[in-house]
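Chain by chain, the residues:
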Amino acid sequence: MAERYDPSIVEPKWQRYWRDNDTFRTPDAGDGPRAYILDMFPYPSGAGLHVGHPEGYTATDIVARYKRACGVQVLHPMGWDAFGLPAEQRAIETGAHPAETTAANIATFRRQLQMLGFSYDWSREVDTTDPGYVKWTQWIFLELFERGLAYQSEVSVNWCPALGTVLANEEVKDGLSERGDHPVERRPLRQWVLKITEYADRLLEDLAEVEWPNSTRVMQTEWIGRSDGALVRFALEGDAGEAIEVFTTRPDTLFGATFMAIAPEHPLVDRLTTDAARPAVQAYVAAARNKSDRERQQTKEKSGVFTGGYAINPVNAAKVPVWVADYVLYGYGTGAIMAVPAHDERDFGFAKAYGIPIVEVVSPEGPPTEAPLSEPFVAPGFAVRSGKYDGLATAEFKARIIDDLEARGAGERRVEYKLRDWVFSRQRYWGEPIPIYFPVDVPDGGDPRRGAACTIRYDEPIAMRRDELPLRLPELDDYRPGDDPQGVLARATDWRFFERDGRWYARETNTMPQWAGSCWYFLRFTDPHNDEAPWSPEAAARWLPVDLYVGGAEHAVLHLLYARFWHKVLFDAGLVPVKEPFAKLVHQGMILGEVEYTGYRDEAGVWVSAPDVARRDGVPVRASDGATLEEVRLGEAQVHKDADGGFVLEAALAGAATVQVESRAHKMSKSRGNVVNPDDIVRAYGADAMRVYEMFMGPLEATKPWNAGSIAGVKRFIDRVWAVAVRACAQERDGALDEATLRLLHKTIAKVTEDIEAMRFNTAISAMMVLTNELGRLDAPPREAVATLAQLVHPFAPHLAEEVWEALGRAPSVQAAPWPEADPALCEDPEVEVPVQVNGKVRGRVLLPKDAPADVAVAAGRALPTVAAQLEGKTLRKTIWVPGKILNFIAR
RNA sequence: GCCGGGGUGGCGGAAUCGGCAGACGCAGGCGACUUAAAAUCGCUGGUGGUUUCCACAUGCGGGUUCAAGUCCCGCCCCCGGCACCA
């Protein structure tokens, strides 16, 4: 066998073996425990794999290989989330069809993943852009449509005429497009919308059932944003037939409502406005209309204008002035509020700005506060100045007054959500066509494909027949967005319009957003080649739910919420057997670039200490005078850690002054030039080293910086494992397992097993390093121990493990060998070293039998010279003996 | 501002249930092998001191306890998310 371990030969060898022997084929039959272990599938970008991808993929691979060795049937698939803007952008720039670009990128990704030795069942690969997949995405859309969960609506969007597209809020700055500074207008456009709000409560409640990171459950909870409150009607003064409806979570503060505020878009604005107030109100409304939501929220300064109109408070018949104010959002609740400045931050700010009275109706203690409030009191308390309700605690008051309002017909219980229905249309090319068409009215003999004037009856959407799916994308010469808000596909008139039974029809020209394909890919993996159905009931029952789902926290809300929504719809349709798709979720942390030390220097070459540096538009400037500074990348030798804990420049550079420098790792980015390419790492160290390094960096969930030096250390570990194997095999006679080694072996089995189960891969690796170092010290490492080491190492460094296993003369593959079991009797030492303390400070150690009685321990402890010296001349007050843990003498 | 997660050697991190702080690895120092270097192996490795020992050390300040990185109270800083949602 080879003296040196060469991954460039060994790794492709085993990858070939696994492929030729179908080692990782998913068992589609048979009983016994099963596990569905899933990665968030990647968008195959042109840049290829990033070191962040293999982090999560290695974690799931370790679990998958471990589970298989434990006799569990495993589904561990991989695929491509391949619709998306970059491929389309490339098509615009180079003319290459997005499908070609996508295919090339997928080929690169697949090669890179296979090079890393992941145990995916590649026969189950799916690609969201494949017509065979699109067919079923469209099929599910029809399911939503037929259940009334997909509808069309005029939604106000950011339309940019110059770019010919709708922009996301993030792409608009100060009313101009971020790219090109073109004007953007708010325009209502017909969009397809999915009724996710109908599932809001179930999406909320079922979060309790899943084993997910707390942060992600909190984020989804806040995103859904359920508030329980009341709808209250305030009649207009002088017109009892008309009322302003408000939503409030604090109906207990109704007696403190000193004004009302309605959104500028509110339909009652006109009706409420008196002639005297009209010019001011109209000016205010016009100004608000031209501002985007984002701009309106930019300033926390409250603005508004009095309409001149009044409404009547239903609880005390008080006349309440109605204002128009843009801090009231038209899209939430009823677009109107009752304002209670004493008990609401925003209303308080508004009342202060416009001199509106502030009336306390909730007191923290019980009695009313006489002095004017200096800040709003928003916590629960006791009612004051609230008539017959005085003295009631907030919660009780709320329940009572809602009942009373309901009885009088002035209001009712109401639940509101921040969650909005999901705008599901894009005006782009590279997405799934929506399988809907509309009747078209054309004058006799006209042909809309030739540009004949026609009317599309958008109010009569018709679902395609399921046997007509998939609806494929048309070929286009030009993928550029146009000036037609109907989208790029509107230009493909031959595709768009068709005649059937003497009548013209037009296809929907919007496409689905990128999220569509990822909403159900985990279902397709259970039965990826089914032509009759998106998946079979048997396959779904066999594999669902996903037992372990690993992916980035950036998907905490959108993907994970949308996928849950679709899944629940499919559950209601009887198509999936469980209500939640992902039983356990883990987010891998981000991998940052190497730590960088940065110093700052002004134009005169004088160093500026890091705390004195500010940033203006991303450029470093001196905080005191705003002078532009130069960033200087420093080497480790040029800095050292200061007594205060910060890094400072070496005296050779800084002179007498103390100059603090910035020390931190940055996100990997092309522009910063700190991107690490997996291909380079595999070439230099091998796939196993890359895998083990990424797991050894720290806890999976943590954000951590890349460090090129550490990977060399991991490579040394791999070489040491090989060296031990070489020496074990070179022996004429097998080395004997001494008791100490046997005990260590079993402790390591136990530790690695527990750590994999708990996904603490870094400490599992450290335990294997300890075992390897110990075996390396033996003159003749026993083959039995080396074989067990190979089994333990195998989920982490599979190529190395297979090679060692084969060298030991075992039948391939190590994946087929049952996972080793630790003998509990060998995991505990009969004798333990116990620290001996005097007054809580360690003064020595004694070796004692695990269950030594107190008197034996005390005698042994007192016999230690260092302990005796500490006890000299003192009175022993107390002795604490925790068997096997600690011996502590308390003496005065 | 609110919510969530963090802060431990020069660096990444370990300490899983209140019981030896710093496992394992990187960087550093010393040594072996070598003509030499690389590679490899061994030793060393928080800071300070009067160095077989002692003092001080887990962001800062208090507290509980025989014993605190771990529990409690009050702060500071970093990362992520939300941000007029009534």
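In every chain, residue numbers begin from 1 and rise along the written sequence. By the order in which they are written, chains take letters starting at A while ligands take numbers starting at 1. Local features in this predicted model are restricted to residues whose pLDDT is 70 or higher, and side-chain atom pairs enter the listing and the counts only when it is 80 or higher, whereas totals over whole chains, interfaces and linings include all residues. With hydrogens and water stripped out, all remaining heavy atoms of the structure feed into the side-chain values.

Draft legend 1. Spotlight on the layout of surface pockets. Buriedness of a pocket was judged along seven lines, with at least five required to meet protein on both sides within 12 Å; pockets are open sets of points on a 1 Å grid over the protein atoms alone, cavities are sets where a 1.4 Å probe fits but cannot get out, and lining residues have an atom within 4 Å of a point. Grid points are joined across faces, edges and corners, and a volume is the space filled by probe spheres set on the points. Looking at the second largest pocket, its volume works out to about 380 Å³. Along the wall of the second largest pocket there are 16 residues; nearest its centre are Gln15, Trp18, Arg19, Gln114 and Trp122. Considering each element in turn, the lining of the second largest pocket owes the most residues, 5 residues, to helix α1 (residues 7-20). Each residue gets one of three labels, nonpolar for Ala, Val, Leu, Ile, Met, Phe, Trp, Tyr, Cys and Pro, charged for Asp, Glu, Lys and Arg, and polar for the others, Gly among them. Its residues assigned to classes, the lining of the second largest pocket comprises 6 nonpolar, 5 polar and 5 charged. The helix and strand labels rest on DSSP assignments: H or I over at least four residues marks a helix, E over at least two residues marks a strand, and numbering proceeds from the N terminus.

Draft legend 2. Local environment of the packing of aromatic side chains. Pairing of aromatic side chains requires ring centres within 6.5 Å, counting the rings of Phe and Tyr and the six-membered ring of Trp. Pairs whose planes differ by under 30 degrees are stacked, by over 60 edge-to-face, and all others tilted. Inspection of the entire model under this criterion finds 46 aromatic pairs. Ring plane angle 20° and centroid distance 5.2 Å describe the contact between Phe259 and Phe350, whose orientation is recorded as stacked. Of this pair, Phe259 sits in strand β12 (residues 259-262) while Phe350 sits in helix α11 (residues 345-354), and the two are 91 residues apart along the sequence. The same class applies to Phe259 as to Phe350, namely buried. In textbook terms, an aromatic cluster arises when at least three aromatic residues are bridged by ring pairs, as seen for Phe141, Phe145, Trp192, Tyr199, Trp422, Phe424, Trp515, Tyr562, Phe565 and Trp566. Above the plane of the ring of Tyr151 lies Lys195, whose end atom (NZ or CZ) is 5.7 Å from the centre. Each residue is placed in one exposure class: buried if its accessible area under a 1.4 Å probe, protein chains only, is under 20% of its type's maximum, exposed if it is over 50%, and partly exposed if it falls in between. A positively charged side chain is recorded as over a ring if its NZ (Lys) or CZ (Arg) lies within 6 Å of the ring centre. The angle to the ring normal must also be within 35 degrees.

Draft legend 3. Structural context of the environment of Lys135. The topology assignment puts Lys135 in helix α5 (residues 131-146). Separated by 335 residues in the primary sequence, Lys135 and Pro470 have C-alpha atoms spaced 4.0 Å apart. In contact with Lys135, other than residues within four places in its own chain, are Leu469, Pro470 and Asp531. Residues count as neighbours in contact if any of their non-hydrogen atoms are within 4.5 Å of one another.

Draft legend 4. Molecular detail of the confidence of the model for chain A. Known as pLDDT, the predictor's per-residue confidence is scaled from 0 to 100. For chain A, per-residue confidence averages 90 on the pLDDT scale, and residues scoring 70 or more make up 96% of the total. Here strand β7 (residues 172-173) is the element of chain A with the lowest mean pLDDT, 60, and helix α15 (residues 521-524) is the one with the highest, 98.

Draft legend 5. Expanded view of the nonpolar core. Counting residues in each nonpolar core, the largest one holds 172 residues, and the members touching the most others are Phe141, Phe565, Trp566, Trp706, Phe761 and Phe796. Broken down by element, the residue count for this core peaks at 10 residues, all from helix α21 (residues 708-730). To define a nonpolar core, start from buried Ala, Val, Leu, Ile, Met, Phe, Trp, Tyr and Cys residues and group those joined through side-chain atoms within 4.5 Å. Val246, Ala277, Ala383 and Phe397 belong to the second-largest nonpolar core, a separate cluster that totals 38 residues.

Draft legend 6. Broad picture of helix α24 (residues 783-793). Of all 11 residues that make up α24, 9 are buried, and the element is covered over most of its length. Every buried residue belonging to α24 is among Ala785, Val786, Ala787, Thr788, Leu789, Ala790, Gln791, Leu792 and Val793, and all of these are buried. Those residues of α24 that are buried are in contact with α21, α22 (739-757), α23 (761-777) and α25 (798-807).

Draft legend 7. The sheet that holds strand β25 (residues 548-550), seen in detail. DSSP calls a pair of strands paired once it identifies at least 2 bridges connecting them. Ordered by their spatial adjacency, 4 strands build an open sheet running β2-β1-β25-β26, and the pairing between neighbours is parallel. A strand with exactly one partner marks an edge of an open sheet, and here the two such strands are β2 (73-75) and β26 (585-586). Helix α2 (residues 52-69) rests against β1 (34-39), β2 and β25 of the sheet, and its axis sits at about 165° to β1. To get an axis, fit a line to the C-alpha atoms, keeping to the stretch in contact for a helix; angles then go from 0 to 180 degrees between the N-to-C directions.

Draft legend 8. Region of interest: the environment of Val838. Mapping Val838 onto the fold places it in strand β36 (residues 831-838). Each residue touching Val838, except ones within four places of it in the same chain, is listed here: Arg843, Val867, Gln870, Leu871, Asn888 and Phe889.

Draft legend 9. A look at the side chain of Thr137. With respect to the helices and strands, the residue Thr137 is situated in helix α5. Not counting chain neighbours up to four residues away, the residues in contact with Thr137 comprise Glu432, Met512, Ala516, Trp520 and Trp566.

Draft legend 10. Up close: the sheet that holds strand β37 (residues 841-849). Taken in spatial order, the 4 strands make up an open sheet running β37-β36-β39-β38, and their pairing is mixed. Of all strands in the sheet, those bounded by a partner on one side alone are β37 and β38 (876-882). Pairwise comparison of adjacent strand axes, ignoring direction, gives a mean angle of 20° for this sheet. Along the sheet, helix α27 (residues 854-863) contacts β36, β37, β38 and β39 (886-891); its crossing angle with β39, the most-contacted strand, is approximately 70°.

Draft legend 11. Structural detail: the pattern of salt bridges. By definition here, a salt bridge exists when the distance from a side-chain nitrogen of Lys or Arg to a carboxyl oxygen of Asp or Glu is within 4 Å. Evaluated as defined, the whole model comprises 60 salt bridges. Notably, a salt bridge pairs Asp829 with Lys747, separated by 2.8 Å at the nearest N-O pair. Here Asp829, found in the loop between α26 (824-827) and β36, pairs with Lys747, found in helix α22; they are 82 residues apart in sequence, far enough to count as distant. Take Asp829: its relative accessible area is 25%, and that puts it in the partly exposed class. Note on Lys747: relative accessible area 28%, which makes it partly exposed. The shortest N-O distance in the salt bridge between Lys751 and Asp755 comes to 3.2 Å. Of the two residues, Lys751 and Asp755 both sit in helix α22, 4 residues apart, roughly one turn of that helix.

Draft legend 12. Representation of the packing of helix α7 (residues 214-224) against helix α17 (residues 558-572). Where α7 contacts α17, the two axes come as close as 10 Å, and the packing angle between them is 70°. Taken as axis vectors, α7 and α17 run roughly perpendicular relative to one another. Across the interface between the two elements, Thr216, Gln220, Trp223 and Ile224 from α7 touch Leu558, Leu560, Leu561 and Arg564 from α17. For the contact of α7 with α17, a count of residues per class yields 5 nonpolar, 2 polar and 1 charged. Should an angle fall under 35 degrees it is called roughly parallel, over 145 degrees roughly antiparallel, and 65 to 115 degrees roughly perpendicular, with every other angle called oblique.

Draft legend 13. A look at the packing of α21 against α24. Put simply, α21 and α24 touch, their axes get as near as 9 Å, and they point 150° apart. The pairing of α21 with α24 is recorded here as roughly antiparallel in orientation. In the packing of α21 onto α24, the handedness of the crossing is left-handed. Facing Phe717, Val721, Val724, Ala725, Ala728 and Cys729 of α21, the residues of α24 in contact are Arg783, Val786, Leu789 and Val793. Within the contact of α21 with α24, the residues separate by chemical class into 9 nonpolar, no polar and 1 charged. Left-handed describes a crossing in which the near helix is turned anticlockwise from the far one by less than a right angle; the clockwise case is right-handed.

Draft legend 14. Spotlight on the environment of Phe438. Examined against the element boundaries, Phe438 turns out to sit in strand β20 (residues 436-441). Taking the C-alpha atoms as reference, Phe438 lies 60 Å from Ser374; in sequence the two are 64 residues apart. Dropping the residues within four chain positions of it, Phe438 is found in contact with Gln152, Arg190, Trp192, Ile456, Arg457, Tyr458, Glu460, Pro461, Trp504, Tyr505, Ala506 and Glu508.

Draft legend 15. Structural context of the pairing of strand β24 (residues 503-507). The buried fraction of β24 amounts to 4 of the 5 residues, a majority that puts the element mostly inside the structure. The sheet contact formed by β20 and β24 spans 4 bridges and is antiparallel. Note on β24: the bridge partner recorded for Phe438 is Ala506. Hairpin geometry of strand β23 (residues 497-500) and β24 is characterised by an intervening segment of 2 residues between the two adjacent antiparallel strands and by a positive phi of about 50° at Asp501.

Draft legend 16. Representation of the side chain of His567 within the structure. Examined against the element boundaries, His567 turns out to sit in helix α17. A relative accessible area of 0% places His567 in the buried class. Those residues in contact with His567 that sit more than four places away from it in its chain are Phe522, Leu523, Leu544, Val576, Val578, Lys579, Glu580 and Pro581.

Draft legend 17. Local environment of unusual backbone geometry. Each neighbour pair has its own omega, and for Leu469 with Pro470 the value is 0°, a cis peptide bond. The step from Leu544 to Pro545 runs through a cis peptide bond, and the omega angle for that step is -5°. With respect to the secondary-structure elements, Pro545 resides in the loop between α16 (537-543) and β25. Of note, Ala317 is a non-glycine position whose phi angle comes to about 60°, a positive value. Positive phi, normally seen in glycine, also occurs at Asp501, with a value near 50°. Note on placement: Asp501 falls in the loop between β23 and β24. Judged by relative accessible area, Asp501 falls into the exposed class, the value being 77%.

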